[in-house]
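Given next are the chains, with one letter for each unit.
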Amino acid sequence: MKNIRFTLTLMLGLGLGLQGCESFLDKPPQGQQNVNNYYSNAEECKAAVMGCYATADQDDWWKIDRTRMFGDAGSDDAWKGNAIAGDQREFGDFARFFWLPNNEWFDNRYTHIYQSIGNCNAALVGIESAPIDNTLKQQLIGEVKFIRAYNYFELVKGYGGVPLVLTPVSPSESITLTRATAAEVYAQVIKDLQEAAAALPLKSARATGDLGRATKGAANGYLAKAYLYTEQWAQAQQAAETVMASNEYNLSTDFSNIWTVGNVDGPESLFELNYSPNQTFNLGTSMTVIMRSRADGGWGFNTPSSNLEQAFIRENDPRRQWTIIRQGDNVGPKTANFDYSNYDTKPSENESGRMSRKIFLPLADRPANEREHAPLNRIELRYADLLLMHAEASFRLGQEAKALSSLNLVRARANRLQPGTVLPRTSTGTDLLNHIWLERRLELAMEGHRYYDLVRQKRLVAVIQAFNAAQLTSTDPYDKGKVKDQISEKNNLFPIPTPQIQLSGGNVVQNPGY
């Protein structure tokens, strides 16, 4: 969590470049805590856990924040967005599927996620031996295991098998490590989540000031997702039903209000990254600036495609309005400096003439210094996602009635936006599966899930090829004719970053095709 900061002097050598130090830096610190005298009381253990939350999100846009756009731009849902050729060229390469192992975006994501894992490993060792109440100890350990599982899930779903590091290692040890298989990494993710679920409290048992911290529901929700990604359908269904039966979550929040600063850790949120507009420290997100129109003081990245908009239009789905801002849309009142009632997406510097509505921060909610300070929380896992996972797992088990029930709960909430538009599905067989997948696209659009869904559904290449074909006959005034021309089967995995292979002396090997 960015709203709680703690600097822990423990960083994993794996994934980090090692630089020489001046002699004065080699001197031992005087009168300063280190890992040998830390973890002496409950407050220090709690602070260490907060450090794990903090590094799971980092404190600047170029570390992990920006790579959350991978799931959109690496699909048919979005483009790089910013049409200025030299501005973040490597993100433009990503959006075209022209993936090179030396692209710094891949390296930064890999490096900083491992930093967080390193903090988690150190905290687990320290808390385990700390002289604190055992009940508190087990809960804190559960939180750290959840964070570690979250981080490894983010790695494995993108890079495949990666080095599996579960204890603190020295820099010299880290460069000898080799890649575990994807199955081994997923098995560890599942193990950590199972142990976290057993130790963590329900969301309703969290004090108001602790909302946003890991809960039993968050652990079971991610457990359902890990099982879904590994095609363990019965286990995925069971984990999802554990969350559903808890009565801790619901779809009472209107779709139009999910992604707003007023919906902090709302009734649908299983796990979300909490941000603060604090002006002294970088406790907020930069995504509201990164993904806003350049005419409105933003950078203009990760813009929705006309293909995504057409998916909403074909279904007569009112969620479009709360997912995509089109050129000329009304998103607020006119001011002296900008007309929000006739929104300008600045098409001359925008590949699609559209912006993401979910990451849009209205003027009244913007802090004075917005970059790294925007307070719009990022919901990483919400109840609608869980219901659709349950629907998919149930379908795979031949339980179509259950699948339809969960699918239609999500659609019923969408229908409240404009009654009579999003009606219950009655489909069966392959049509039902396709409807579940379509619902994931519409409900979760621009939330960073689409690329990973297409990969696990084994249809990334086919969908992007169909997208490219449709683009060539498109009449959209903004993105017609534009294609993602470098797609191939190798894009089902990110490349292992070149610096990591070099640091390992070749012990870490590259993914096929790169």
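Keep in mind that this is a model prediction, so the values were computed, not measured.

**Brief notes about the packing of helix H5 (residues 134–159) against helix H8 (residues 216–229)**
Okay, so step 1: The geometry of H5 relative to H8 is characterised by a closest axis approach of 11 Å and an angle of 25 degrees between their N-to-C directions. When the axes of H5 and H8 are compared, the pair comes out roughly parallel. Every pair of crossing elements has a handedness; the one defined by H5 and H8 is left-handed. Each of Phe-146, Tyr-150, Phe-153 and Lys-157 in H5 lies in contact with H8, whose residues at this interface are Ala-218, Ala-219, Tyr-222, Lys-225, Ala-226 and Tyr-229.

**Quick look at unusual backbone geometry**
Excluding glycine, residues mostly have negative phi values, and the peptide bonds linking residues are mostly trans.
Okay, so step 1: Residue Gln-88 is not a glycine yet carries a positive backbone phi of 50 degrees.
Okay, so step 2: The topology assignment puts Gln-88 in the loop between strand E1 (78–79) and helix H3 (89–95).
Okay, so step 3: Here the phi dihedral of Met-446 falls at roughly 65 degrees; this positive angle occurs in a residue that is not glycine.
Okay, so step 4: Relative to the helices and strands, Met-446 is located in the loop between helix H14 (429–444) and helix H15 (450–456).

**Brief notes about the layout of surface pockets**
Okay, so step 1: Taken as a whole, the largest pocket holds about 300 Å³ of empty space.
Okay, so step 2: Forming the walls of the largest pocket are 14 residues, and the residues nearest its centre are Tyr-186, Tyr-229, Val-455, Arg-456 and Leu-493.
Okay, so step 3: At the level of elements, H5, helix H7 (182–199) and H15 are the ones that each hand at least two residues to the lining of the largest pocket.
Okay, so step 4: Its residues placed into classes, the lining of the largest pocket shows seven nonpolar, three polar and four charged.

**What about the side chain of Thr-323?**
Okay, so step 1: Take Thr-323: it is sitting in the loop between helix H11 (306–314) and strand E4 (324–326).
Okay, so step 2: Thr-323 gets classed as buried once you look at its relative accessible area, which sits at 0%.
Okay, so step 3: With sequence-adjacent residues up to four places away left out, Thr-323 is seen in contact with Phe-255, Phe-312, Met-355, Ser-356, Arg-357, Lys-358, Ala-445 and Met-446.

**Here we look at empty space enclosed by the protein**
Okay, so step 1: Across all of its chains, the model carries nine cavities of 30 Å³ or more by this definition.
Okay, so step 2: One number sums up the size of the largest cavity: a volume of about 180 Å³.
Okay, so step 3: Residue lining of the largest cavity: 16 residues in total, with Glu-154, Lys-157, Glu-380, Gly-448 and His-449 positioned closest to the centre.
Okay, so step 4: Going through the elements one at a time, H5, H8 and strand E6 (378–382) are the ones with two or more residues in the lining of the largest cavity.

**Let's talk about H11**
Okay, so step 1: Every buried residue of H11 is listed here: Ser-306, Asn-307, Leu-308, Glu-309, Ala-311 and Phe-312.
Okay, so step 2: At its buried positions, H11 is contacted by strand E3 (303–304), E4, strand E5 (354–356), H14 and helix H16 (460–473).
Okay, so step 3: Phi turns positive one or two residues past the end of H11, at Asn-316, with a value near 50 degrees.

**Quick look at the nonpolar core**
Okay, so step 1: Membership of the largest hydrophobic core comes to 123 residues, with the highest contact counts inside it found for Ile-127, Phe-146, Tyr-152, Leu-155 and Phe-494.
Okay, so step 2: Here this core gets 12 residues from one element, more than from any other, and that element is H5.
Okay, so step 3: Each residue touching Leu-155, except ones within four places of it in the same chain, is listed here: Tyr-110, Ile-113, Tyr-114, Ile-117, Gly-160 and Val-162.
Okay, so step 4: Judged by nonpolar contacts, the second largest core, of seven residues, contains Val-331, Phe-338, Tyr-343 and Phe-360.

**Observations regarding the pattern of salt bridges**
Okay, so step 1: Tallied over the full model, the rule gives 51 salt bridges.
Okay, so step 2: The residue Arg-382 makes a salt bridge to Glu-443 at a minimum N-O spacing of 2.7 Å. With Arg-382 in strand E6 and Glu-443 in helix H14, this residue pair connects regions lying 61 residues apart in the sequence.
Okay, so step 3: In this structure, Arg-411 engages Glu-439 in a salt bridge whose closest nitrogen and oxygen atoms are separated by 2.8 Å. Highlighted residues: Arg-411 in helix H13 (residues 400–415) and Glu-439 in helix H14, separated in sequence by 28 residues. Assigned by exposure class, Arg-411 and Glu-439 land together as buried.
Okay, so step 4: In the salt-bridge network here, residues are joined through shared partners; they are Glu-268, Asp-317, Arg-319, Lys-358, Arg-382, Arg-411, Arg-413, Glu-439, Glu-443 and Glu-447.

**Section: the environment of Ser-406**
Okay, so step 1: Within the secondary structure, Ser-406 sits in helix H13.
Okay, so step 2: Its relative accessible area of 1% is what places Ser-406 among the buried residues.
Okay, so step 3: Placed 12 residues apart in sequence, Ser-406 and Ser-394 show a C-alpha to C-alpha distance of 9.3 Å.
Okay, so step 4: Beyond its immediate stretch of four places on either side in the chain, Ser-406 contacts Met-244, Leu-387, His-390 and Ala-391.

**Details of the packing of H7 against H8**
Okay, so step 1: Relative to each other, H7 and H8 sit at 155 degrees, their axes nearing to 8 Å. The orientation of H7 with respect to H8, classified from their angle, is roughly antiparallel. The handedness of the crossing between H7 and H8 comes out as left-handed. Residues Tyr-186, Val-189, Ile-190, Leu-193, Gln-194, Ala-196, Ala-197 and Ala-198 of H7 form the contact with H8, whose participating residues are Lys-216, Ala-219, Asn-220, Tyr-222, Leu-223, Ala-226, Tyr-227 and Tyr-229.

**Examining the packing of aromatic side chains**
Okay, so step 1: For the structure shown, the criterion picks out 38 aromatic pairs.
Okay, so step 2: Directly above the ring of Tyr-452 sits Lys-157, whose terminal nitrogen or CZ lies 4.2 Å from the centroid.
Okay, so step 3: A cation over an aromatic ring shows up here: Lys-484 above the ring of Trp-79, its NZ or CZ 5.3 Å from the ring centre.

Analysis parameters
- Residues numbered from 1 in each chain as written.
- Predicted model: local features only at pLDDT ≥ 70, side-chain atom pairs only at ≥ 80, totals over all residues.
- Heavy atoms only, no water.
- Axes fitted to C-alpha atoms, helices over the stretch in contact; angles between N-to-C directions.
- Helix = DSSP H or I, 4+ residues; strand = E, 2+ residues; numbered from the N terminus.
- Parallel < 35°, antiparallel > 145°, perpendicular 65-115°, else oblique.
- Left-handed = near helix turned anticlockwise from the far one by under 90°.
- Contact = heavy atoms within 4.5 Å.
- 1 Å grid on protein atoms, 1.4 Å probe; cavity = no way out; pocket = protein on both sides within 12 Å on 5 of 7 lines; lining within 4 Å.
- Points joined across faces, edges and corners; volume = space filled by probe spheres on them.
- Nonpolar A, V, L, I, M, F, W, Y, C, P; charged D, E, K, R; others polar.
- Buried < 20%, exposed > 50% of the residue type's maximum accessible area, 1.4 Å probe, protein only.
- Core = buried A, V, L, I, M, F, W, Y, C linked by side-chain atoms within 4.5 Å.
- Salt bridge = Lys/Arg side-chain N within 4 Å of Asp/Glu carboxyl O.
- Phe/Tyr/Trp six-rings, centres within 6.5 Å; stacked < 30°, edge-to-face > 60°.
- Lys NZ or Arg CZ within 6 Å of the ring centre and 35° of its normal.

Function cannot be inferred from these measures alone, as they are strictly geometric.
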